[in-house]
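Per-entry structural report
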Amino acid sequence: MATTLFFNIATLGGVDRKGRLRLQGSEMAQFETLDNAYLLVKDGRIADFGPMEQMPKFDDNVTKVDADGGTVMPSFCDSHTHIVNAGSREGEFVDKINGLSYAEIAKRGGGILNSADKLHEMSEDDLYEQSMKRVREVMFKGTGCVEIKSGYGLNTEDELKMLRVIKRIKETSPLKVVANFLGAHAVGRAYAGRQAEYVDLVINEMIPAVAAEGLADFVDVFCDEGFFTPEETGRILQAGAKHGMRGKIHGQELAPSGGVEVALKHNALSVDHLESMTDEDIAMMIGTETSPTALPGTSFFLNIPFAPVRKMISAGLGPAMQATIIQGQHRRAI
Ligand SMILES: [Zn+2]
């Protein structure tokens, strides 16, 4: 069992003596620190910390790291990424500058379907190598835990390919990696015009296949205008739950389209985007176990309003923020 002691820490940040799982509302303004501190880590978990003058004596079995007056603080936990992809889509940025909407670009075969075509052509090994470059980038910029979604496969085989790559990243990267199955990101090309059949495919074929290989911790749906309905979203979340995958959805990005309601109904871990969130949505989320997640990079990229984060905090919610945005590393195509 590995134990490591960090000592001579000038400032230890993010100290929480109450062991709270999440901070909400005015609590989010608190960031407790401790000066001239030590920190003890046992088997990857914080076992003890305190001021240097109260540091116990440790024997030679404990690895000792002199922080030499440095700062120790929590790493970013990025709860929403599409880090596994087969190439960026900056070409579409011109369309956006020219005023085409997200829906118009999607209708022209761009957006998610374009990413799926590129991913289909790429081998699993190349996909892994390319994705690892991005993983290393975010790691060196301070991310310690990253959620990674599938969703550029849009058929069973390619969704599994993405999730296997995520599994390899989990096994080979020092980051903590959480896998999220997003087969319902868009309707796959082969099912154009047959959305109901595609939803059935996600429920009856993809989810059981993903579960059989133990490839995902969560299930995700793009529940929005022009994509999946709250009813379809509910069915997919239910199917995921049967296989031990909790929901985490994309919702209220393009329109107030029932995303929050369906997320709450199925006790999703989070509802992400929320650029079109209403005051009613905010009121509905108070006191629930579902976290709102804001993706400010999407607003920059698509030139749409920002999620009302200040309003959420004032109402007592604790929104999460996509950390790769903070780092200028937004890799989500749309
Ligand atoms: Zn996303």
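Residues numbered from 1 in each chain as written. Predicted model: local features only at pLDDT ≥ 70, side-chain atom pairs only at ≥ 80, totals over all residues. Heavy atoms only, no water.

On to the sheet that holds strand E7 (residues 143–149), then. Across the sheet, eight strands lie side by side as E6-E7-E8-E9-E10-E11-E12-E13; this open sheet has parallel pairing. Edge positions in the open sheet fall to strand E6 (76–78) and strand E13 (320–321), since each of these has one partner strand only. (Pairing = 2+ DSSP bridges. Helix = DSSP H or I, 4+ residues; strand = E, 2+ residues; numbered from the N terminus.)

Within helix H3 (residues 112–121), the full set of buried residues consists of Ile112, Leu113, Ser115, Ala116 and Leu119. With its buried residues spanning 155° around the axis, H3 presents them on a single face. (Buried < 20%, exposed > 50% of the residue type's maximum accessible area, 1.4 Å probe, protein only. Arc of directions from axis to C-beta.)

With that out of the way, let us pick up the layout of surface pockets. Here the largest pocket defines a volume of roughly 2500 Å³. Contributing to the lining of the largest pocket are 49 residues, with Leu21, Arg22, Pro74, Ser75 and Cys77 lying nearest its centre. At five residues, strand E3 (residues 45–51) tops the list of elements feeding residues into the lining of the largest pocket. The residue inventory of the lining of the largest pocket, partitioned by class, reads 26 nonpolar, 12 polar and 11 charged. Of the domains in this structure, domain 1 (3–72) and domain 2 (76–321) are the two that each give at least three residues to the lining of the largest pocket. (1 Å grid on protein atoms, 1.4 Å probe; cavity = no way out; pocket = protein on both sides within 12 Å on 5 of 7 lines; lining within 4 Å. Points joined across faces, edges and corners; volume = space filled by probe spheres on them. Nonpolar A, V, L, I, M, F, W, Y, C, P; charged D, E, K, R; others polar. Domains from an automatic or database assignment.)

This part takes up the domain arrangement of the protein chain. In terms of domains, the protein chain is made up of domain 1 (3–72) and domain 2 (76–321). A straight line from the C-alpha centre of domain 1 to that of domain 2 covers 34 Å. Listed by partner, the interface residues are five residues for domain 1 and nine residues for domain 2. A combined buried area of about 470 Å² lies between domain 1 and domain 2, and 47% of that area is made up of carbon and sulfur atoms. One can count three residue pairs in polar contact (both at pLDDT 80 or more) joining domain 1 with domain 2. A class-by-class count of the residues in the side of domain 1 that touches domain 2 yields two nonpolar, two polar and one charged. (Contact = heavy atoms within 4.5 Å. Buried area = accessible area lost by both parts, 1.4 Å probe. Polar contact = N/O pair within 3.5 Å; in protein donor to acceptor, adjacent residues only side chain to side chain.)

What follows deals with the pattern of salt bridges. Evaluation of the coordinates by the stated rule reveals 14 salt bridges. With a shortest N-O distance of 3.1 Å, aspartate 16 and arginine 20 are connected by a salt bridge. According to the relative accessible area criterion, aspartate 16 is partly exposed, its value standing at 26%. (Salt bridge = Lys/Arg side-chain N within 4 Å of Asp/Glu carboxyl O.)

In this model, leucine 154 sits at a positive phi of 65°, which is unusual for a non-glycine residue. Counting through the fold element by element, leucine 154 comes out in the loop between E7 and helix H5 (156–172). Using a relative accessible area of 5% as the deciding quantity, one classes leucine 154 as buried. Residue glutamine 252 is not a glycine yet carries a positive backbone phi of 55°. Relative to the helices and strands, glutamine 252 is located in the loop between strand E10 (246–251) and helix H8 (259–265).

A word on helix H6 (residues 195–212). Compared with an ideal rise of 1.5 Å per residue, which puts 18 residues at 26 Å, H6 spans 25 Å between its outermost C-alpha atoms and is within 8% of the ideal. Turning to H6, its buried residues are Tyr198, Val199, Leu201, Val202, Ile203, Met206, Ile207 and Val210. Each element contacted by the buried residues of H6 is listed here: H5, strand E8 (176–184), strand E9 (218–223) and helix H7 (230–242). Immediately downstream of H6, the backbone of glycine 214 shows phi near 60°, a positive value. (Expected span 1.5 Å × (residues − 1).)

Another point: the pairing of E7. Consecutive side chains of a regular strand alternate in pointing toward one face of the sheet and then the other. Of all seven residues that make up E7, six are buried, and the element is covered over most of its length. As paired elements, E6 and E7 share three bridges and run parallel to each other. Counted as the bridge partner of aspartate 78 is valine 146 from E7. Pairing between E7 and E8: five bridges, direction parallel. Looking at the pairing, valine 146 lines up with valine 177 of E8.

The alternating pattern of strand E12 (residues 291–294) places Ser291 and Thr293 on one face and Pro292 and Ala294 on the opposite face, and all of these are buried. In this structure, strand E11 (residues 270–273) lies alongside E12, joined through three bridges in parallel fashion. Directly across from valine 271, in E12, lies its bridge partner proline 292. In this view, the connection linking E11 to its parallel neighbour E12 by way of helix H9 (residues 279–285) has right-handed handedness. (Right-handed = clockwise from strand over helix to strand, strands pointing away.)

Note on placement: threonine 156 falls in helix H5. Contact partners of threonine 156, with chain neighbours within four places excluded, come to Leu201, Glu205, Met206 and Ala209.

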